[in-house]
Amino acid sequence: QRRRFVSDASHELKTPLASIRLLSDSISQSADMDSATMREFVADIGSEAERLQRTTEKLLDLSRRDDGVQPDVTIVDLQQAVHGTLHLLRPLADQSGVTITCLMSEGVTVRASEDDIYHIVFNLVENAIKYTPDGGTITVSLAKAGRDAVLEIADTGVGIPEADLPHVFDRFYRVDKARSRETGGTGLGLSIVKQIVRLHAGTVTVASEYGKGTTFTVQLPVK
């Protein structure tokens, strides 16, 4: 598993590095490149550098968690934490023509790291935005069920084929590899979500119907 992880990580880093090398070589070897083309190439280099940064940050996050680094925990009000994270994601949703609606109970608290709750919500909702077409909706629900807090992110997106469902939390796994490259996906976000939820003695599950939508459900013990 370690060898496969290193191999997959190397491949993920190699692709944007190769693109940067190709673009920079094109600029340096072209004596008569017009300024518009050069700006386009430089912008592409910047985009690939951002992809590298996102990948390395998530790899470092996974590495710290694999090493058992424990985050600072506190009592987190989930409604406030979710609202704060959605506030950051609404511009992306608006840009994609996707509507986010909330159905959240008050007073649902968990003992967790605020940063970890942010990562859970951000990764799941960002993923939903990326794979929900223009005009679609994402519903974020929060409720208390017995001794658990239940957070659901349901979208009306493209859905996940049944054969892919068992693998969506695997590191570097992408359902639609071409689409993931376009949207900047690393194939690490859902792995991080699962690791965080497990660290907090919770569970995360996924249900999907291809072509109709996907629902991720996170359960965490309430405080």
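Here the structure is a predicted model, which means the values were calculated and not measured.

**Student:** Describe the overall build of the protein chain, with residues and values.
**Tutor:** For the protein chain, the count of helices and strands is six helices and seven strands. Reading the helices (α) and strands (β) of the protein chain from amino to carboxyl end gives α-α-β-α-β-β-α-β-β-α-α-β-β. Split into buried and exposed, the 223 residues of the protein chain put 39% on the buried side. Looking at the protein chain alone, contacts between residues at least 24 apart form 72% of all its contacts between residues at least 6 apart.

**Student:** Provide a residue-level description of the pairing of strand β6 (residues 203–209), including the pertinent values.
**Tutor:** As defined by bridge partners, β6 adjoins strand β7 (residues 213–221) across seven bridges and the pair is classed as antiparallel. Residue pairing across strands places Val-204 opposite Val-218, the latter belonging to β7. The turn joining β6 and β7, which pair antiparallel and follow one another in sequence, is formed by three residues; a positive phi near 90° is taken by Gly-211.

**Student:** Explain the packing of helix α4 (residues 114–130) against helix α6 (residues 189–199) to me, using residue names and the numbers behind them.
**Tutor:** For the pair α4 and α6, the least separation of the axes is 9 Å and the interaxial angle reads 145°. α6 is crossed by α4, and the crossing has left-handed handedness. Along the contact surface, α4 presents Asp-116, His-119, Ile-120, Asn-123, Leu-124 and Asn-127, while α6 presents Gly-189, Leu-190, Ile-192, Val-193, Ile-196, Val-197 and Leu-199. Split into classes, the residues belonging to the contact of α4 with α6 amount to eight nonpolar, four polar and one charged.

**Student:** Explain the sheet that holds strand β4 (residues 137–145) to me, and be specific about the residues and the numbers.
**Tutor:** Taken in spatial order, the five strands make up an open sheet running β2-β4-β5-β7-β6, and their pairing is mixed. Only two strands of the sheet have a single partner each, and these edge strands are β2 (99–104) and β6. Along the sheet, successive strands turn relative to each other by an average axial angle of 15°, direction set aside. Each of β2, β4 and β5 (148–155) is contacted by helix α3 (residues 78–96), which is oriented at about 175° to β2, the strand it contacts most. Sheet strands touched by α4: β2, β4, β5 and β7. Its angle to β5, the strand with the most contacts, is close to 20°.

**Student:** Please give an account of the packing of α3 against α4 that cites residues and values.
**Tutor:** A pair of packed helices is characterised by two quantities: the angle between their axes and the separation of those axes. Between α3 and α4, the shortest axis-to-axis distance is 9 Å and the interhelical angle comes to 30°. Considered as vectors, α3 and α4 are oriented roughly parallel to each other. Every pair of crossing elements has a handedness; the one defined by α3 and α4 is right-handed. Along its contact with α3, which presents Leu-78, Ala-81, Val-82, Thr-85, Leu-86, Leu-88, Leu-89, Leu-92, Ala-93 and Ser-96, the element α4 presents Ile-117, Tyr-118, Val-121, Phe-122, Val-125, Glu-126 and Ile-129. A breakdown of the residues in the contact of α3 with α4 according to their chemical character gives 14 nonpolar, two polar and one charged.

**Student:** Residues and numbers for the environment of Leu-151, please.
**Tutor:** If you trace the backbone, Leu-151 turns up in strand β5. The exposure class of Leu-151 is buried, given its relative accessible area of 9%. On a C-alpha basis, the gap between Leu-151 and Val-218 in space is 5.1 Å, while along the polypeptide they are 67 residues apart. Excluding residues within four positions of it along the chain, Leu-151 makes contact with Val-82, Val-121, Val-140, Ser-141, Leu-142, Phe-216, Thr-217 and Val-218.

**Student:** Break down the nonpolar core for me, citing the residues and quoting the values.
**Tutor:** The biggest cluster of nonpolar side chains holds 43 residues, and the ones touching the most others in it are Ile-117, Val-125 and Val-140. The element contributing the most residues to this core is α4, with seven residues. Every residue in contact with Val-140, bar those within four places of it in the chain, is listed here: Val-82, Leu-86, Ile-100, Thr-101, Cys-102, Leu-103, Met-104, Val-125, Leu-151, Glu-152 and Ile-153.

**Student:** Describe the packing of aromatic side chains, naming the residues involved and giving the relevant values.
**Tutor:** Tallying each qualifying case throughout the model produces two aromatic pairs. Arranged with centres 5.3 Å apart and planes meeting at 35°, the rings of Tyr-118 and Phe-122 form a pair that is tilted. Pair noted here: Tyr-118 and Phe-122 are both in helix α4, with a separation of four residues, about one helical turn. Both rings, one in Phe-169 and one in Phe-216, keep their centres 6.0 Å apart while their planes meet at 80°; by these two values the pair is edge-to-face. Linking Phe-169 in the loop between β5 and α5 (177–183) with Phe-216 in strand β7, this pair joins segments that are 47 residues apart in sequence.

The rules behind these values
Residues numbered from 1 in each chain as written. Predicted model: local features only at pLDDT ≥ 70, side-chain atom pairs only at ≥ 80, totals over all residues. Heavy atoms only, no water. Helix = DSSP H or I, 4+ residues; strand = E, 2+ residues; numbered from the N terminus. Buried < 20%, exposed > 50% of the residue type's maximum accessible area, 1.4 Å probe, protein only. Contact = heavy atoms within 4.5 Å. Pairing = 2+ DSSP bridges. Axes fitted to C-alpha atoms, helices over the stretch in contact; angles between N-to-C directions. Left-handed = near helix turned anticlockwise from the far one by under 90°. Nonpolar A, V, L, I, M, F, W, Y, C, P; charged D, E, K, R; others polar. Parallel < 35°, antiparallel > 145°, perpendicular 65-115°, else oblique. Core = buried A, V, L, I, M, F, W, Y, C linked by side-chain atoms within 4.5 Å. Phe/Tyr/Trp six-rings, centres within 6.5 Å; stacked < 30°, edge-to-face > 60°.

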